[in-house]
Amino acid sequence: MEASWKAALQDEFEKPYFASLVQTLHQEKAAGVVIYPPGSQIFRAFELTPVSQVKVVILGQDPYHNPGQAMGLSFSVPANVPAPPSLKNIFREIETDLGIRMSGRPDLEPWARQGVLLLNAILTVRAGQAASHSRLGWQTFTDAVIRYISDHCEGVVFLLWGNFARSKKSLIDTSRHTVLEAAHPSPLAGGAFFGCRHFSQTNQILASEGKAPIDWQL
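Sequence order as written defines residue numbering, which begins from 1 separately in each chain. Two thresholds apply to this predicted model, a pLDDT of at least 70 for residue-level local features and 80 or more for giving and counting side-chain atom pairs, whereas whole-chain, interface and lining totals are computed over all residues. With hydrogens and water stripped out, all remaining heavy atoms of the structure feed into the side-chain values.

Asker: Even after reading the chapter, I still don't get the pairing of strand β5 (residues 157-161), so can you show me in this structure?
Answerer: Taken residue by residue, a regular strand's side chains alternate between the two faces of the sheet. Summary of the burial criterion: residues with accessible area below 20% of their type's maximum are buried, those above 50% are exposed, and those between are partly exposed, where the area comes from a 1.4 Å probe applied to protein chains only. What counts as a helix is a DSSP run of H or I of at least four residues, what counts as a strand is a run of E of at least two, and both are numbered from the N terminus. The buried count for β5 comes to 5 of 5 residues, which makes it a mostly enclosed element. A two-sided burial pattern is seen for β5, the buried positions comprising V157, L159 and W161 on one face and F158 and L160 on the other. Criterion used throughout: strands pair if DSSP finds at least two bridges between them. Here strand β2 (residues 56-60) pairs with β5 via 4 bridges, running parallel. The residue bridging L59 from the neighbouring strand is L160, located in β5. Pairing analysis gives 5 bridges linking β5 to strand β6 (residues 178-182), with the strands arranged parallel. Each residue of the ladder has a partner; that of L160, found in β6, is E181.

Given below as structure tokens:
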């Protein structure tokens, strides 16, 4: 984890719930349970996007639970892995919204390096078991992350897609930040995500605050 996040979240690391969370992860690994993403990538989002650089937050629920997909960034998979359905729909909306052509490259690291915090509310998952680590305490930790951004950053755009992400709106000071809400990009939402135009709106908001827009094209 990058130094500014370590300092910002130091109090969380020292709380009993976090020690319990870490202990559970160690116990599961010792028992042979496969956990995604790999340990070195659990805090990847924080490594790529320091506190001072956060301009946008895209909140996901938990990591992909199939082999080779999870990489510590919400909605992102490695470049050599096919884009999952939700990510394909995100790309489709970007193309329509911005009138650009996406390459289909599913690794969203370039967004993270521009100030897009790709944050999952739950940072680990057991292989093949969606939401299997939802009760370990990760949400207590990531709720603290959202509150920290709300309290210490200025003019951040939060993209909340789907009911789960939208439930986090109460953590955000909307007098200091912008919250854009939409249906989840999953095909299960029946296409309700399309037409949200969050990518052009985000760049308009950033420009109005004197911040560089995000180059969404991959």
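Asker: Is there a simple way to explain the packing of aromatic side chains in this structure?
Answerer: In this description, an aromatic ring pair is defined by two values, namely the gap between the centres and the angle between the planes. When two rings of Phe, Tyr or Trp (its six-membered ring) have centres within 6.5 Å they constitute a pair, described as stacked for plane angles under 30 degrees, edge-to-face for angles over 60, and tilted for the intermediate range. Evaluation of the coordinates by the stated rule reveals 18 aromatic pairs. Measuring from centroid to centroid gives 6.0 Å for F43 and F141, while their planes differ by 70°, and the two rings are edge-to-face. Taken together, the residues F43 in the loop between β1 (35-36) and α4 (44-48) and F141 in helix α7 (residues 138-152) connect sequence positions 98 residues apart. Note on F141: relative accessible area 0%, which makes it buried. Taken together, the aromatic side chains of W5, F13, Y17, F18, F43, F46, W138, F141 and Y148 make up a single cluster linked through ring pairs. We call a charge positioned over a ring when the NZ of a Lys or the CZ of an Arg lies within 6 Å of the ring centre and within 35 degrees of the ring normal. The aromatic ring of F194 is capped on one face by R92, whose charged end is 4.0 Å from the ring centroid.

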